[in-house]
Structure formats: C-alpha cells, structure tokens
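Architecture and fold: a report
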Amino acid sequence: MSSGDNFGMMDNAYFVGRAELLTWLNDLLQLGYTKVEQVASGASHCQVMDAIYPGKVPLHKVNFNAKFDYEFVKNYKVLQDVFTKIGCDKYIDVQKLIKAKYQDNLEFLQWMKKYYDLHTPPGVYNAVERRTQTKVHYEGDSSDAPKKPAKPAAEAKPSRVTAPSVGKAAA
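Described in the following lines is the structure provided in the data block. From a predicted model like this one, the values you see are computed outputs, not experimental measurements. Every chain is numbered on its own, with residues counted from 1 as its sequence reads. Given that this is a predicted model, residues contribute local features only at a pLDDT of at least 70 and side-chain atom pairs are listed and counted only at 80 or more, while totals for whole chains, interfaces and linings are drawn from all residues. Water and hydrogen atoms play no part in the side-chain values, which are based on all heavy atoms of the structure.

**Observations regarding the overall build of the protein**
Helix and strand labels come from DSSP, where a helix needs a run of H or I of at least four residues and a strand needs a run of E of at least two; each type is numbered from the N terminus. Of regular secondary structure, the protein possesses six helices and zero strands. Here the analysis covers contacts within the protein between residues at least 6 apart in sequence; of these, 67% occur between residues at least 24 apart. For the protein, the computed accessible surface area is about 10900 Å², with 54% contributed by carbon and sulfur atoms. Contacts are residue-level and defined by heavy atoms, with any inter-residue pair within 4.5 Å sufficient. Note that accessible areas follow from Shrake-Rupley with a 1.4 Å probe, and for residues the cover is restricted to the protein chains shown.

Set out below in structure tokens:
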C-alpha cells in the first residue's frame, strides 16, 4: 500500500462537502448525480479507479444502471479486485455502502476523492468515451441516435397473450 492510501478521519479529505464532491464526480465522469447516495451502486467508484489506472478496471463488468443490492455487490467485487491488483488494502464495507446511507457513502466518496487527488496521472479522462469503448451504457449518457419515448402505462399494450378457450360446448 502506498503512503497516500492510509489517511485518518481527521485528514482534510473528510472535511470536503457534499456539493464539492458531487461537482467533482459529475465533472470527472460526466454524470448527473444530485445526491451522495447515488454512488451506492459502486459503479462510479469503479470508473474513478479507471480514470486513475486506465485499463486496470474491467468496465465491461460494471453495471452502471444497477438498481438492486445484488447488482451493487457485483460492482464492489470489481472494485475490490482492482484494489487488490494495485496493492491498495483499503477496506470496503460493502454491506454498509449498498444500503445507500448518506454518511457511509459520503465518507467513502471523500476517501475516493483524496485517493484520486494523490494518484491521478496528468491528462484528460473522457468518461463517456470509456463507457462507450467498453460497451457500457449509463442511462445518463447522451447518444447521437434519438431515443424512443417510453409509452405511458395507460397506453402500453398488454404483454400477456391468452389462449382461446378449448372444449366449451356451444349453446
């Protein structure tokens, strides 16, 4: 583990506010997060690590549209594998983070920003391009092709097809 990986709770990193963190993350990854709790899926953390260590994160395994705990866990497994590859022994309390509690996710995001600040190589990182290169699609990414608007629930056609009744006698 490099010397910059281990910093205590009194480090300036943990005094960075929510708004600054979200602005940093949205600018870096070209996302539209409005709440710290949205990082609970782990996908953004994986992409931050990709910005620091290009090519070491298998982004094709990251679910950027994860909505369920079991999908979040898979993303954190990818992140933990990256930490192991690079020799970072930061403990990730997955069970706390996937609950999307503000304080737990804030502290991990603060740590992630500090780590990013200490280890990022110079250069420009194009997050949308990286997601596109790895065939990863995030619902917030813009696309050249116009998307079909979703049909309102009232207009949606039923997806169940019923079979005709068989064996009923005609009256």
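**Describing the packing of aromatic side chains**
We describe a pair of aromatic rings using the distance from one ring centre to the other and the angle between the two ring planes. Each Phe, Tyr or Trp ring, with Trp reduced to its six-membered ring, pairs with another whose centre is within 6.5 Å; inter-plane angles below 30 degrees give stacked pairs, above 60 give edge-to-face pairs, and intermediate values give tilted ones. According to the stated counting rule, one finds six aromatic pairs in the structure shown. Measuring from centroid to centroid gives 6.4 Å for Tyr 53 and Tyr 115, while their planes differ by 50°, and the two rings are tilted. Of this pair, Tyr 53 sits in the loop between helix H2 (43–52) and helix H3 (69–86) while Tyr 115 sits in helix H5 (residues 102–119); the two residues are 62 residues apart in sequence, bridging distant segments of the chain. Every member of this aromatic cluster is reached through a ring pair, and the members are Tyr 53, Phe 83, Phe 108, Trp 111 and Tyr 115. A ring has a charge above it when a Lys NZ or an Arg CZ is no more than 6 Å from the ring centre and no more than 35 degrees off the ring normal. We note Arg 131 situated over the ring of Phe 64; from NZ or CZ to the ring centre the distance is 5.7 Å.

**Digging into the environment of Leu 106**
Of note, Leu 106 is situated in helix H5. Note: C-alpha distance between Leu 106 and Leu 21 (85 residues apart in sequence) is 8.6 Å. When sequence neighbours within four positions are dropped, the list of residues in contact with Leu 106 reads Arg 18, Leu 21 and Val 36.

**Quick look at the pattern of salt bridges**
Think of a salt bridge as a Lys or Arg side-chain nitrogen and an Asp or Glu carboxyl oxygen that are within 4 Å of each other. Within this structure, the stated rule accounts for two salt bridges. Between Asp 50 and Arg 130 there is a salt bridge, with the nearest N and O atoms lying 2.8 Å from each other. A residue pair is termed long-range when its members are at least 10 positions apart, and Asp 50 in helix H2 and Arg 130 in helix H6 (residues 127–133) qualify at 80 residues. Each member of the pair, Asp 50 together with Arg 130, is buried. With a closest N to O distance of 2.9 Å, Asp 117 and Lys 113 form a salt bridge. Placement of both Asp 117 and Lys 113 in helix H5 is noted, with a separation of four residues, approximately one turn of the helix. A simple rule labels every residue: compare its accessible area, found with a 1.4 Å probe on the protein chains alone, to the largest value its type can have, and call it buried under 20%, exposed over 50%, or partly exposed in between. In this structure Lys 113 comes out as buried when scored by relative accessible area, which is 12%.

**Side note on the nonpolar core**
Among the nonpolar cores identified, the biggest contains 44 residues, and Val 48, Met 49, Leu 79, Phe 83 and Met 112 are the most heavily contacted of them. Put simply, the parts of the chain that give this core at least two residues each are helix H1 (18–29), H2, H3, helix H4 (94–97) and H5. When residues of this core are assigned to their parent elements, the largest contribution, seven residues, is made by H5. Those residues in contact with Phe 83, other than ones at most four positions away along the chain, are Met 49, Cys 88, Lys 90, Ile 92, Phe 108, Trp 111 and Met 112. Residue types Ala, Val, Leu, Ile, Met, Phe, Trp, Tyr and Cys, when buried and joined through side-chain atoms within 4.5 Å, form a set referred to as a nonpolar core.

**Focus: the side chain of Arg 130**
Overall, Arg 130 belongs to the buried group, its relative accessible area being 18%. Beyond its immediate sequence surroundings of up to four residues, Arg 130 is in contact with Gln 47, Asp 50, Gly 55, Val 57, Leu 59 and Tyr 125.

**Regarding H1**
Residue count minus one, scaled by 1.5 Å, sets the expected span of a helix. With twelve residues, H1 should cover 16 Å at 1.5 Å per step; its first-to-last C-alpha distance of 16 Å lies within 8% of that length. When we look at burial in H1, the residues that qualify are Leu 21, Leu 22, Trp 24, Leu 25, Asn 26, Leu 28 and Leu 29. Lining the buried residues of H1 we find H2, H5 and H6. Gln 30 lies just past H1 and shows a positive phi near 55°.

**A few points about unusual backbone geometry**
In this structure, Gln 30 takes a positive phi of about 55° despite not being glycine. By relative accessible area, Gln 30 is classed as partly exposed at 38%. With a phi angle near 60°, Ala 100 is a residue other than glycine that sits in the positive phi range. Topologically, Ala 100 is positioned in the loop between H4 and H5.

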